[in-house]
Amino acid sequence: MLPASLSSLHSTNVRTSPYLSPLSSSSSLPSPSPSLSLAPSFSHLHHRRLVSFNTVRGNNPLATKAERRGLSVTCASTCEPLKVMISGAPASGKGTQCELIVQKFGLVHISTGDLLRAEVSTGSEIGNKAKEFMNAGQLVPDEIVTAMVTARLSHEDAKTKGWLLDGYPRSFAQAQSLENLKIRPDVYVVLDVPDEILIDRCVGRRLDPETGKIYHLTNFPPETEEIKARLVPRPDDTEEKVKSRLEIYKQNAKAILSTYANITKKIDGNRPKEMVFADIESLLSQAKREKMKKTTAVKPVHEHKSQSNQASSSQDNWKGIPTRLNNIPHSREIRNYFYDDVLQATQRAVNDGRTRLKVEINIPELNPEMDVYRIGTLMELVRVIALSFADDGKRVKVCVQGSMGEGALAGMPLQLAGTRRILEFMDWGDYGAKGTFVEIGSIGANEVDEQDDMFILVAPQNAVGNCIIDDMKAMTDAAGTRPVILINPRLKDLPGSSGIMQTMGRDKRLEYAASFENCYFFRLLYYAGTQYPIMGALR
Ligand code: AP5
């Protein structure tokens, strides 16, 4: 008989929630070895790495192990409030959209522009300092703004209702200040509007000093003559100052984006405000739903307090792993979970300056050993990663090895057949990323062009009698310090009938294959020799 806490896990949470949190942080554990022999080492695995998936089964041996370890399970009932940042050039419509967001989602709107203008109008010391910068269209010094924002974020209403940060961070240093304080939004919305429209919007903008409402002389004229009579322009809204603000925005935008790349949502702000809001509304509703799911997922708690305290900081960032990975095809939600997970890991590694990386993800749809392998899932994963780096302004080359061998013996691994054509025909978004920021190529030194910023190699692999490593080596030599990311590589030597591949230069090949460090690793655990049921996962 299971203890009450565990039986509730069995009867409700695992069935109803697609996510299951890990038992604890993995930070202090050794890296998982890809050559792990599952069954014998299973019981030796540090239990903190073990995540049970099929606990819906009453006879699951893991349940009793968990029981013996004294785990209890709690379930959060309330949803954490939403945290949103909105960014965009001057007059891209941040303030206008914030009014609508607040009405709909009840978030606490924190606008650095408004906070600063309030300080200026009261003539405070901060206001007097800020005024000269603002009137000149310059950024106010970081220390003033950061102190204001962090103080406001710590108020109880922001903690309970959630917040909408508008106009902050505006520089890389400001973004880092928030990161250091572990203040991170769920969504980073960027309003995209062409420069010439922005200038017109600023020059025509008027504020109602009584209500704080934003008007535009032609786009959103005031409702009455009385309101019109009291409207005032902003001192920093002259054409010359707007140009300077725009320039400053552009200089900083890219650096800030790198901090939030994986949660950035770009929205076309050059449409009627209702249409812009419709997009934002669906985005935030989706983010809210996802948050709700996460907070209602199971939160296992260790009895040993010291252990959980030690782990708490990394646990805060840890997302549960989806259950039901035996359900094939995987749901879009589950696929998106993994795409996002891999993306975050990859971005962290690239931002850390790592250049030789590999992603190894072995869910059923990405496991060529299983008959449910789906090339589409691999392609989608690659697209998510490539587009995200492309959004950061990087030129990404997505490479698939060409056919190997010669003449009638030419061929390619089954797993990759047709891949390049699929990539060519895939939908790469409305922004024309493919052909500009994303290129499709092959593997080899001559695929490396000067303008390429990074390379993603799709499942590079050896075939019987053919070794891809020489081409890869030539390519990485040519790429120099630019990142090269291997997605699900299979670089073990495969014996050919001639036996040549096993012997010549084997050490060098293995050494080269090992020179790529894992930035993401995920594999499922089964009983030895089986692929069902799933017993857990290593991540
Ligand atoms: P801030 O007030 O934040 O100015 P901003 O970022 O330049 O943005 P704006 O307020 O000009 O525009 P908005 O995007 O809110 O557009 P709005 O909705 O009003 O900051 C001011 C100054 O404070 C900065 O220059 C700096 O000095 C300082 N500062 C602030 N934060 C700082 C920080 N973190 N660090 C350092 N310094 C900082 O719309 C604009 C106009 O367009 C309106 O007239 C509106 O009616 C119209 N409009 C809006 N949407 C649409 C639409 N969809 N179609 C047509 N017209 C529209």
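This text follows the structure it describes.
Residues numbered from 1 in each chain as written. Predicted model: local features only at pLDDT ≥ 70, side-chain atom pairs only at ≥ 80, totals over all residues. Heavy atoms only, no water.

> Is there a simple way to think about the overall build of the protein chain in this case?
Along its length, the protein chain carries 20 helices and 18 strands. Contacts spanning at least 24 positions in sequence make up 75% of the contacts within the protein chain whose residues lie at least 6 apart. For the protein chain, the exposed surface amounts to about 26,100 Å²; the carbon and sulfur share of it is 52%. (Helix = DSSP H or I, 4+ residues; strand = E, 2+ residues; numbered from the N terminus. Contact = heavy atoms within 4.5 Å. Areas by Shrake-Rupley, 256 points an atom, 1.4 Å probe, with all protein chains shown as cover.)

> What should I look at first to understand the site of the ligand in this one?
By nearness alone, 35 residues border the ligand, and T96, Q138, R170, R205 and R245 come closest of all. Taking N219, its side chain carries an N or O atom lying 3.0 Å from a nitrogen atom of the ligand. Protein chains bury 96% of the 1,000 Å² of accessible surface belonging to the ligand in isolation. At the level of elements, α4 (94-105), α5 (112-122) and β8 (214-216) are the ones that each hand at least two residues to the shell around the ligand. No other element matches the 4 residues that α5 contributes to the shell around the ligand. Considering only residue class, the shell around the ligand consists of 13 nonpolar, 12 polar and 10 charged. (Near = heavy atom within 4 Å. Polar contact = N/O pair within 3.5 Å; in protein donor to acceptor, adjacent residues only side chain to side chain. Nonpolar A, V, L, I, M, F, W, Y, C, P; charged D, E, K, R; others polar.)

> Hey, could you run me through the sheet that holds strand β4 (residues 108-111) in this one?
What holds strands together in a sheet is hydrogen bonding between their backbones, with the strands either parallel or antiparallel. Strand order in the open sheet made by the 5 strands is β4-β5-β3-β6-β9, with parallel pairing throughout. Each end of this open sheet is capped by a strand with a single partner; those strands are β4 and β9 (264-268). Taken over all neighbouring pairs, the strand axes of this sheet differ in orientation by 20 degrees on average, direction set aside. Against the sheet, α5 makes contact with β4 and β5 (163-166), and its axis sits at roughly 65 degrees relative to β4, the strand it touches most. (Pairing = 2+ DSSP bridges. Axes fitted to C-alpha atoms, helices over the stretch in contact; angles between N-to-C directions.)

> It is not clear to me how the side chain of E360 should be interpreted in this structure. Could you clarify?
Within the secondary structure layout, E360 lies in strand β12 (residues 356-362). The charged side chain of E360 is buried without a salt bridge, its nearest counter-charge being K358 at 4.2 Å. A polar side-chain atom of E360 sits 3.1 Å from a polar atom in the side chain of N518. (Buried < 20%, exposed > 50% of the residue type's maximum accessible area, 1.4 Å probe, protein only. Lys, Arg positive; Asp, Glu negative; His and termini not counted. Salt bridge = Lys/Arg side-chain N within 4 Å of Asp/Glu carboxyl O.)

> Could you clarify how one ought to interpret the nonpolar core in this entry?
Side chains of nonpolar character tend, in soluble globular proteins, to be buried together. Core analysis: the biggest nonpolar cluster contains 49 residues, and F338, I361, V398, L423, V458, I487 and F522 have the highest contact counts within it. Listing elements by their share of this core, those giving two or more residues are α15 (332-351), β12, α16 (375-391), β13 (396-399), β14 (438-441), β15 (454-458), β16 (484-487) and β17 (517-525). Setting aside its immediate chain neighbours within four residues, I487 contacts V359, L378, L381, V382, I385, I456, L457, V458, A459 and P460. In this structure, I144, A158, I183 and I263 belong to the second largest nonpolar core, which totals 25 residues. (Core = buried A, V, L, I, M, F, W, Y, C linked by side-chain atoms within 4.5 Å.)

> Looking at this structure, I do not really get the pattern of salt bridges. What am I missing?
All chains considered together, the criterion is met by 27 salt bridges. When the shortest N-O distance is used, the salt bridge between D157 and R152 registers 2.8 Å. Between K397 and D449 there is a salt bridge, and its shortest N-O distance comes to 2.8 Å. In this pair, K397 sits in strand β13 while D449 sits in the loop between β14 and β15, placing the two residues 52 residues apart along the sequence. Each of R205, R234, D236, D237 and R245 takes part in one network of salt bridges that share partners.

> Would you mind going over helix α6 (residues 125-135) with me for this structure?
An α-helix turns once every 3.6 residues. As a result, residues three or four positions apart point the same way. Those residues of α6 not exposed but buried are G127, A130 and M134. Buried residues along α6 cover an arc of 70 degrees about the axis, so they all sit on one side. Looking at α6, the residues exposed on the side facing more than 90 degrees away from the buried face are E125 and E132. Those residues of α6 that are buried lie in contact with α5. (Arc of directions from axis to C-beta.)

> For this particular structure, what's the right way to read the packing of aromatic side chains?
Geometrically, a pair of aromatic rings is defined through the distance of the ring centres and the angle of the planes. Applying the stated rule across the entire model yields 4 aromatic pairs. Between Y337 and F338, the ring centres sit 5.0 Å apart and the planes meet at 90 degrees, which makes this aromatic pair edge-to-face. Considered together, Y337 and F338 belong to a single accessibility category, that of buried residues. Where F338 meets F522, the ring centres are 4.8 Å apart and the plane angle is 65 degrees; that geometry is what we call edge-to-face. (Phe/Tyr/Trp six-rings, centres within 6.5 Å; stacked < 30°, edge-to-face > 60°.)

> Would you mind going over the sheet that holds β15 with me for this structure?
Strand order in this open sheet of 7 strands is β14-β13-β15-β16-β12-β17-β18, and the pairing throughout is mixed. In this open sheet, the two strands that pair with only one neighbour each are β14 and β18 (536-538). Across this sheet, the average inter-strand angle for adjacent strands is 15 degrees, counted without regard to direction. Alignment of β17 against β18, held across 3 bridges, turns out to be antiparallel. Bridged to L524 within β18 is A537.

> Honestly, the pairing of β13 in this entry has me stumped. Any pointers?
Successive side chains on a regular strand alternate, one facing one side of the sheet and the next facing the other. Side chains V396 and V398 project from β13 onto one buried face, and the interleaved K397 and C399 project onto a second face that is buried too. Sheet topology places β13 next to β15; 4 bridges connect them, and they run parallel. Within β15, the position partnered with C399 by the bridge is L457.

> What's the story with helix α18 (residues 469-479) in this structure? I'm lost.
Listed as buried for α18 are I469, M472, M475, T476 and A479. The arc enclosing the buried residues of α18, seen along the axis, measures out at 120 degrees, which places them on a common side. Exposed and facing more than 90 degrees away from the buried side of α18 are D470 and D477. Where α18 is buried, its residues touch β12, β13, β15, β16 and α20 (506-514). The first or second residue beyond α18 is G480, which carries a positive phi of 60 degrees.

> I keep staring at the packing of helix α7 (residues 142-153) against helix α9 (residues 172-180) and nothing clicks. Help me out?
Relative placement of two packed helices is described by the angle separating their axes and the distance separating the axes. Running from N to C, α7 and α9 cross one another at 35 degrees; their axes reach a closest spacing of 11 Å. When the axes of α7 and α9 are compared, the crossing they make is right-handed. Of α9, the residues touching α7 (which contributes D142, V145, T146, T150 and L153) are A173, Q174, S177 and L178. Classifying every residue of the contact of α7 with α9 by side-chain character gives 4 nonpolar, 4 polar and 1 charged. (Left-handed = near helix turned anticlockwise from the far one by under 90°.)

> Would you take a moment to explain the environment of R356 for this structure?
Looking at the secondary structure, you find R356 in strand β12. Each C-alpha atom, one on R356 and one on V484, is 5.3 Å from the other, the two residues being 128 residues apart in sequence. Excluding its chain neighbours within four sequence positions, the residues that come into contact with R356 are T476, G480, R482, P483, V484, S515, F516 and E517. Here R482 takes part through its backbone oxygen, which lies 3.0 Å from a polar atom of the side chain of R356.

> So what exactly am I meant to see when it comes to the packing of α9 against helix α12 (residues 239-260) here?
Look at α9 against α12: their axes get within 8 Å of each other, and the N-to-C directions meet at 20 degrees. With respect to α12, the element α9 is oriented roughly parallel. Residue-level inspection shows F172, A175, Q176, L178 and E179 of α9 in contact with α12, the latter providing A255, I256, S258, T259 and Y260. Tallied by class, the residues present in the contact of α9 with α12 amount to 6 nonpolar, 3 polar and 1 charged. (Parallel < 35°, antiparallel > 145°, perpendicular 65-115°, else oblique.)

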